[in-house]
Amino acid sequence: MKVDLGPVTRIEGHLNVKTTIENDQIVDAQCMGEMFRGFEVILRGRDPLDAQQITQRICGVCPYAHAIASSYAQENAYGLQVPANGRIMHNLIQGANHLYDYLLHFYQLSALDFVDVTAILKYTGKDADLRKIKEWVQAELASQKAFPGAPFLPRLNGDYLMDDELNIGALKHYVEAMEVQKKANRAAAIFGGKFPHSTAIFPGGCTQAARMDLIASYQSFISETKEFIHSRYIPDIVAVAENFPEYWQIGASKGGFLSYGLLPLSAERNGSRVLAPGVLQGGKVKPVDFGLITQDVGHAKYSSPSGLKIAESSLTPDPGKKGAYTWTKAPRYDGRVMEVGPAARILVDYHLGGNKTVKSLVDTYAAMFGITADNLNSVLGRHLCRAVNAVVIADFLLEESERIDPGGKTMADIVVPATAEGYGVTEASRGALLHYIRIADYKIAAYECVVPTTWNASPRDDKGQPGAMESALVGTKVADLQDQIEAVRIIHSFDPCIACSVH
Amino acid sequence: MMDRRTFLKLAAALCASFGVNGMPGPVAAALKKIDPAAVPKLIYLQGLSCTGCSISLLQADSPSPLSMITDYSQLAFHADLSAVSGKKALGLIDRYIAGEAGEYFLAVEGAIPELMPEACIIGHKPFGQYLEEAAKTMTGAVAIGACACDGGIPAAEGNLTGAVGLREFYGKRGINKLVVNIRGCSVHPDWVWHTIIHLVKIGVPELINDAPALFFKRKVHELCPRYHDFQQEIFAEKLGDQGCLFKLGCLGPDTFADCPTRWWNSGQTWCVDSNAPCIGCASPGFARKKNFPFYRLAERDK
């Protein structure tokens, strides 16, 4: 039997996942991105400096990642020398954006997969937030309305946490996380101008001044966020892992891992990053070669040619195309399926032995849970890797902010050439993000974005290989054939963003 | 500017178009006491959007987002927060839209792909179809952000989907329901939540171009703390400079919004305070034309 899990909620955007069930097990899955805007076509013919603004609107959850990738691509195209302050501010903005995104993902988007919200009715303590929630839920349930408790109820059938103390604690942290994510975003906005959709990020740096008062405010917000990461986020992930240990084995994707590396430590284009770039396949990491990336559209709703390299990309929508089931293209690396995202970042760096904190955290948690690094390719692995990312990034941001030279230059002088091309890559919170720009006669002649969820939620390629998330769903046992909370947990572990994937 | 008498006449006309007297039933009840059965329900649907407005709504300070969706209104459905998904979620949406689950406001984020309905599907049905059906049962709609109001970037020149905003979509179909426009890419959370509070507590706020006058009455340039620099001709010459940003292309003189007095992210900052020119994201024509770039840098040799 085939079941549509869409609209999948607690993600960004319009995703349906069609699963085929035999003997209570998923034997096939199709990821369907159901929203198309056509950014690459909209960008054509525009002023190149519009790009970091327009492309942020691909995604309002991770706009800063697009601004950064676009800025890197333009810096490459214009041959800009970015002043140290400019590069540091880019990092401060982007890193803070990661922290908010991890907290939002775990608490607002994922927690309700595991936490039993009805446990609040048993709360007898004095915490003002929790008493308020309890009274609200009681009043809702007592009302005669059609859907009491929305948006937290109704919910899917499933094996929720049984421990009331954990449930109630997690609900408290759900409320706290809503406040803390704002602080991480305030930090990013200090140098970004506002959040979402920064106006102060440019190729070549930031327009914001390198002021001591701003640095101090930034550090204060990041310190508060860091405190929450250590005192709440990590213990909550550990609690979920202890209660759902089977999810170390559930949701493994069947391809390799790709990371472009996150947060450059110097102005050099190929200099080292806090988390190292690479392609992990069969236990070995190789350097990334953009020339090996192609995008298939055999099962995507485009009539433009399939298998094109990035610089040759083309986009002609064909909504009624036969055999196509999604607006998402199928990017492949040297013809292979890749998972991108927090687990890819950690696994690539771990195998390279680049970041000592990554190595030590992975080894510590592996010992604690009796798993190996390979088990990070799983539902729990992706959640844990986000937390490891968060720890590493928060520490780095506090150090990095000390390196700003107060009063120093924060922007390169931009001169847009008549003809140029450039690549820019970074890691959005959801994974490997690439922007490509080609300029002719001072205008954008071509622009291409290959976005994290384009990789993760890709359909079958022209060889018939399913995408990373499709492959991660196959083989999963489901208890309730309609609701399939097990599948929803796998999907959420990837944190899909359809606005990004199709754009 | 609209005087009080004109406003009251307009408000009465708008309320009459609700099909109720004065204000919606639940609103009147909510005025007295927050009663969960009476709090207005919001069905929040997303079209051609980036979710940036939803994320911005989570940055609200006073009241907090949680208070907004429990005390002042109820978020009956939102794709980013709802626990339920799949068929159960569609069932909830369908019951509201069928008029079987009580009164509700429709909140819309994102544009509608008028010429390519397949470009936005929720549960096998085009997004636009939900909007047409909801028009028959909803109390009114709040269009949240540039895309829902005027099409935004999905409607920019050269787009392939024929994206339009909610008012234009309804207008072409002869639907004349209350639509309050909250522009901005993204919206400021206060603009939306405080409008909803106004709808809940008092009724329809004073509108200019369908947008609440409270937030969109005056130009960024008029309110700008760097207006003095403009008068004294102290201009930023290149990006990163202080001073009036007009010569770099700042669209403050063309944009109606209260950013210079409200500031963003809990009053932390706003574009011009970080030396970034206003790009006119609260204007109906935001980002529309290819040959109207956001920035004017040094004159180029061409």
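Remember, it's a predicted structure, so these values are computed and weren't measured experimentally.

1. Here we look at the overall build of chain A
Along the backbone of chain A there are 14 helices and 17 strands. The C-alpha radius of gyration computed for chain A amounts to 22 Å, which stays within 12% of the reference 23 Å derived for 503 residues, consistent with globular compactness. Seen through its principal axes, chain A has C-alpha atoms that stretch 65 × 60 × 45 Å. Of all 503 residues assigned to chain A, the portion counted as buried reaches 62%. For chain A, restricting intrachain contacts to residue pairs at least 6 apart in sequence, the fraction spanning at least 24 positions comes to 74%.

2. Comments concerning the overall build of chain B
Of the regular secondary structure elements, chain B holds 13 helices and eleven strands. Pairs at least 24 apart in sequence give 72% of the contacts found in chain B among residues at least 6 apart.

3. Concerning the interface of chain A and chain B
Contacts between the two partners involve 77 residues from chain A, matched on the other side by 73 residues from chain B. When residues of the side of chain A that touches chain B are traced back to their parent elements, those giving at least two are helix 1 (39-43), helix 2 (51-54), helix 5 (128-142) and helix 6 (164-192) of chain A. With eight residues, the top contributor of residues to the side of chain A that touches chain B is helix 6 of chain A. Grouping the constituent residues of the side of chain A that touches chain B by class yields 40 nonpolar, 20 polar and 17 charged.

4. Comments concerning the sheet that holds strand 15 (residues 420-428) of chain A
Residues and elements named next belong to chain A. The antiparallel open sheet is built from three strands, whose spatial order is 15-16-17. Lying at the two open borders of the sheet, with one neighbouring strand each, are strand 15 and strand 17 (443-450). Neighbour to neighbour, the strand axes of the sheet diverge by 15° on average, direction disregarded. Across the sheet, helix 3 (residues 63-78) touches strand 15 and strand 16 (431-440), and the angle it forms with strand 15 is around 150°.

5. Quick notes on helix 9 (residues 356-369) of chain A
With 14 residues, helix 9 of chain A should cover 20 Å at 1.5 Å per step; its first-to-last C-alpha distance of 20 Å lies within 8% of that length. In this structure, the buried side of helix 9 of chain A is in contact with helix 8 (342-352) and helix 10 (379-402) of chain A.

6. Considering the environment of A:Pro459
Among the structural elements, A:Pro459 can be located in the loop between helix 11 (452-456) and helix 12 (468-473). With near-sequence residues (within four places) excluded, A:Pro459 lies in contact with A:Gln30, A:Cys31, A:His299, A:Ala300, A:Tyr325, A:Thr326, A:Thr328, A:Ala330 and A:Gly467.

7. A short note on the packing of helix 3 of chain A against helix 4 (residues 84-110) of chain A
The axes of two packed helices give the description: the angle between them and the distance between them. Residue and element names in this part refer to chain A. Close contact between helix 3 and helix 4 brings their axes to 9 Å; oriented N to C, the two are set at 150°. The way helix 3 lies across helix 4 gives a crossing that is left-handed. Residue-level contacts link Tyr64, Ala65, Ile68 and Ser71 of helix 3 to His90, Ile93, Gln94 and Asn97 of helix 4. Classifying every residue of the contact of helix 3 with helix 4 by side-chain character gives four nonpolar, four polar and no charged.

8. Overview of the pairing of strand 7 (residues 140-144) of chain B
In regular strands, side chains alternate between the two faces of the sheet. Residue and element names in this part refer to chain B. A large share of strand 7 lies buried, amounting to five of its five residues. Taking every second residue as pointing to the same face, both faces of strand 7 are buried, with Gly140, Val142 and Ile144 on one and Ala141 and Ala143 on the other. Here strand 3 (residues 104-109) runs beside strand 7; their pairing, made up of five bridges, is parallel. Within strand 7, the residue paired with leucine 106 across the bridge is alanine 141. As judged from the four bridges shared by strand 7 and strand 9 (residues 179-182), these two strands associate in the parallel manner.

9. A word on the sheet that holds strand 10 (residues 284-286) of chain A
All names here are of chain A. If you trace the four strands from one edge of the open sheet to the other, you get 10-9-6-14, paired in mixed fashion. A single partner strand is all that each edge strand has here, and the edge strands are strand 10 and strand 14 (338-339). Here strand 6 (residues 256-259) pairs with strand 9 (residues 278-281) via three bridges, running antiparallel. Opposite leucine 258, over in strand 9, you have valine 279 as the bridge partner. Lying over the sheet, helix 8 contacts strand 6, strand 9, strand 10 and strand 14, oriented at roughly 90° with respect to strand 6.

10. Some words on the packing of helix 4 of chain A against helix 7 (residues 212-243) of chain A
Residues and elements named next belong to chain A. At a closest axis distance of 11 Å, the pairing of helix 4 and helix 7 adopts a crossing angle of 30°. The angle between helix 4 and helix 7 places the two elements in the roughly parallel class. The handedness of the crossing between helix 4 and helix 7 comes out as left-handed. Contacts from Leu92, Ala96, Leu99, Leu103 and Phe106 of helix 4 reach helix 7 at Tyr218, Ile222, Thr225, Tyr233 and Ile237. Classifying every residue of the contact of helix 4 with helix 7 gives nine nonpolar, one polar and no charged.

Cut-offs used in this document
Residues numbered from 1 in each chain as written. Chains lettered and ligands numbered in written order. Predicted model: local features only at pLDDT ≥ 70, side-chain atom pairs only at ≥ 80, totals over all residues. Helix = DSSP H or I, 4+ residues; strand = E, 2+ residues; numbered from the N terminus. Rg over C-alpha atoms; globule rule 2.2 N^0.38 Å. Buried ≥ 20, exposed ≤ 12 C-beta atoms within 10 Å, placed from the backbone. Contact = placed C-beta atoms within 7 Å. Nonpolar A, V, L, I, M, F, W, Y, C, P; charged D, E, K, R; others polar. Pairing = 2+ DSSP bridges. Axes fitted to C-alpha atoms, helices over the stretch in contact; angles between N-to-C directions. Expected span 1.5 Å × (residues − 1). Left-handed = near helix turned anticlockwise from the far one by under 90°. Parallel < 35°, antiparallel > 145°, perpendicular 65-115°, else oblique.

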